[in-house]
Amino acid sequence: MPRRSVVYLDHHATTPVDPRVLEAMLPFFREGFGNAASVSHAYGWHAEAAVEDARERLAAALGARPREIVFTSGATESNNLAILGAAEGDRRRRQHVITLATEHPAVLDPCRHLAARGFDVSVLDVDEHGIVDLDELEATVGEQTLLVSIMVANNEIGVLQPVEEIGRLCRERGVLFHSDAAQAAGRLRLQVDAAPFDLLSISAHKMYGPKGVGALFVRSRRPRARLSPRQYGGGHERALRPGTLPVPLIVGMARALEIAMDELESESRRLQELRERLWKQIACRLSGVHLNGHPERRLPGNLNVSFEGVDGERLLLALPEVAVSSGSACASGRPEPSHVLAALGLSLELARASLRFGLGRGTTEDEIDRAAARVVEEVRKQREA
Ligand SMILES: *Cc1c(COP(=O)(O)O)cnc(C)c1O
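The rules we used
Residues numbered from 1 in each chain as written. Predicted model: local features only at pLDDT ≥ 70, side-chain atom pairs only at ≥ 80, totals over all residues. Heavy atoms only, no water. Phe/Tyr/Trp six-rings, centres within 6.5 Å; stacked < 30°, edge-to-face > 60°. Helix = DSSP H or I, 4+ residues; strand = E, 2+ residues; numbered from the N terminus. Buried < 20%, exposed > 50% of the residue type's maximum accessible area, 1.4 Å probe, protein only. Lys NZ or Arg CZ within 6 Å of the ring centre and 35° of its normal. Expected span 1.5 Å × (residues − 1). Contact = heavy atoms within 4.5 Å. Pairing = 2+ DSSP bridges. Domains from an automatic or database assignment. Buried area = accessible area lost by both parts, 1.4 Å probe. Salt bridge = Lys/Arg side-chain N within 4 Å of Asp/Glu carboxyl O. Polar contact = N/O pair within 3.5 Å; in protein donor to acceptor, adjacent residues only side chain to side chain. Nonpolar A, V, L, I, M, F, W, Y, C, P; charged D, E, K, R; others polar. Near = heavy atom within 4 Å. Areas by Shrake-Rupley, 256 points an atom, 1.4 Å probe, with all protein chains shown as cover.

Trainee: Kindly report on the packing of aromatic side chains, identifying the contributing residues and their values.
Mentor: Under the criterion given, the structure shown has two aromatic pairs. Both rings, one in phenylalanine 33 and one in tyrosine 43, keep their centres 5.1 Å apart while their planes meet at 35°; by these two values the pair is tilted. Placement of phenylalanine 33 in the loop between α1 (19-25) and α2 (42-62) and of tyrosine 43 in helix α2 is noted, with a sequence separation of 10 residues between them. Residue class for phenylalanine 33 comes out exposed when judged on its relative accessible area of 54%. Tyrosine 43 gets classed as partly exposed once you look at its relative accessible area, which sits at 45%. A centroid spacing of 5.5 Å and a plane angle of 25° characterise the contact between phenylalanine 177 and phenylalanine 197, whose relative ring orientation is stacked. Placement of phenylalanine 177 in strand β6 (residues 176-180) and of phenylalanine 197 in the loop between β6 and β7 (199-203) is noted, with a sequence separation of 20 residues between them. Of the two residues examined, phenylalanine 177 and phenylalanine 197, each falls in the buried class. Across from the ring centre of tyrosine 208, 4.0 Å away, lies the NZ or CZ of arginine 361, which sits over that ring.

Listed below in structure tokens is the structure:
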């Protein structure tokens, strides 16, 4: 077990399960263990009722209809189902997909798979703050375009994309709009009709719910998003995603999103203040530091900083008492610098010299002060060496 004195500032990688979420889940590991697909007895009915209750709550939080929520194993699966399912399910057999250079691998890799199968995939660049160019997007949408996949909030630099404009553009041009909202759900107030979104991926473990469960919103009317399934084996989830439902995880995800929405405004304000505190302590005490991403249009708990003259990986190794990451957690293990920072136009050196701080529900002022002091101390040490 990690020591409790280690300051956890990696809430973009995952979040702890909120005790209230755990409490809601426990009965479904115990006496409420039934299979939600068992229609012949009380165990099944009880489990099914819990799943449908969770579906209604999730739908309500997102402004969706319950039948538009498909349960999956997480945002990776939701993204795959959305992108590959839309490509295969398109009645007009259109062959062009548009995405963004700074997307998560769970979007970029399915797009690459489509490209290998002969699809035309446009990967748009971002500006120096990480934001899509709407004119370029508009110019890229054509007769053959079936889907645009652009995330709400980035997992490395926290930047928020103009999803309302993207959604409106897609609607006007008859193109499906998918968005990876793994980082945004529970941190922003998302409404599927506001953008509008046609397909929206969420993940429970990024919002103080359990790992191994997520959902995909699939618009059911005006216009209906047509998907073809990625797997076969029964009629669960309107045959779009067959498999026995993880009832405790689904109950936990719905509770997690409800709690996050209840506390959204106060928690956002708190995180933003803590983030400013962290940035000030770093920027006031060190020269040669760069904020990556947009100064305002970003998730309240996200700070991504490059430190001139240091190596991010070496910095991490020297900071065992602070749990942060350099580059994307999903890309770490590989030596290449983050594709997100590269897309901002950062030099290889600055991209390698970055730390991502992800503040969250448990983060305190004292922790921020301790983390900042250690980071400053270690950066100075490495620069002197
Ligand atoms: C974490 C994350 C994912 C993957 O979600 P899982 O539920 O872990 O599969 C996808 N996209 C983004 C933006 C993420 O932050």
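Trainee: Provide a residue-level description of helix α4 (residues 105-116), including the pertinent values.
Mentor: The end-to-end C-alpha distance of α4, which contains 12 residues, comes to 16 Å, matching closely the 16 Å that a straight helix rising 1.5 Å per residue would cover. Looking at the packing, one finds that the buried side of α4 touches α3 (75-89), β3 (96-100), β4 (120-124), β5 (145-149), β6 and α10 (339-343).

Trainee: Explain the pairing of strand β10 (residues 302-307) residue by residue, including any values.
Mentor: Burial runs high along β10: six of the six residues are buried. Where strand β9 (residues 289-291) lies against β10, three bridges are found, and the strand directions are antiparallel. Across the sheet, valine 289 pairs through a bridge with phenylalanine 307, a residue of β10. When β10 meets strand β12 (residues 354-358), the two strands line up antiparallel, connected through five bridges. When the bridges of β12 are listed, valine 305 appears paired with leucine 355.

Trainee: Tell me about the domain arrangement of the protein, and please be specific about residues and values.
Mentor: Taken domain by domain, the protein comprises domain 1 (19-262) and domain 2 (264-384). Summing both sides of the interface, domain 1 and domain 2 together bury roughly 2300 Å²; the carbon and sulfur share of this comes to 56%. Linking domain 1 to domain 2 there are one salt bridge. There are 13 residue pairs in polar contact (both at pLDDT 80 or more) connecting domain 1 and domain 2. When contributions to the side of domain 1 that touches domain 2 are tallied by element, the ones reaching two or more residues are α4 and α7 (247-262). A total of four residues in the side of domain 1 that touches domain 2 trace back to one element, the largest contributor, which is α7. Of the residues that constitute the side of domain 1 that touches domain 2, the class distribution is 15 nonpolar, 10 polar and eight charged.

Trainee: Give a detailed account of helix α12 (residues 365-384), specifying residues and quantitative values.
Mentor: Here α12 is 20 residues long and its end C-alpha atoms lie 29 Å apart, about the 28 Å a rise of 1.5 Å per residue gives. The set of residues buried in α12 consists of Glu367, Ile368, Ala371, Ala372, Arg374, Val375, Val376, Glu378, Val379 and Gln382.

Trainee: Describe the site of the ligand, listing the residues and the values that go with them.
Mentor: The environment of the ligand is formed by Gly74, Ala75, Thr76, His104, Met151, Asn155, Asp180, Ala182, Gln183, Ser203, His205 and Lys206. In this structure, alanine 75 approaches the ligand through a main-chain N or O atom, which is 2.9 Å from an oxygen atom. One of the side-chain nitrogen or oxygen atoms of threonine 76 is found 2.6 Å away from an oxygen atom of the ligand. Considered on its own, the ligand offers 380 Å² of accessible surface; in the complex 88% of this is hidden by protein. Residue classes in the shell around the ligand are distributed as three nonpolar, seven polar and two charged.

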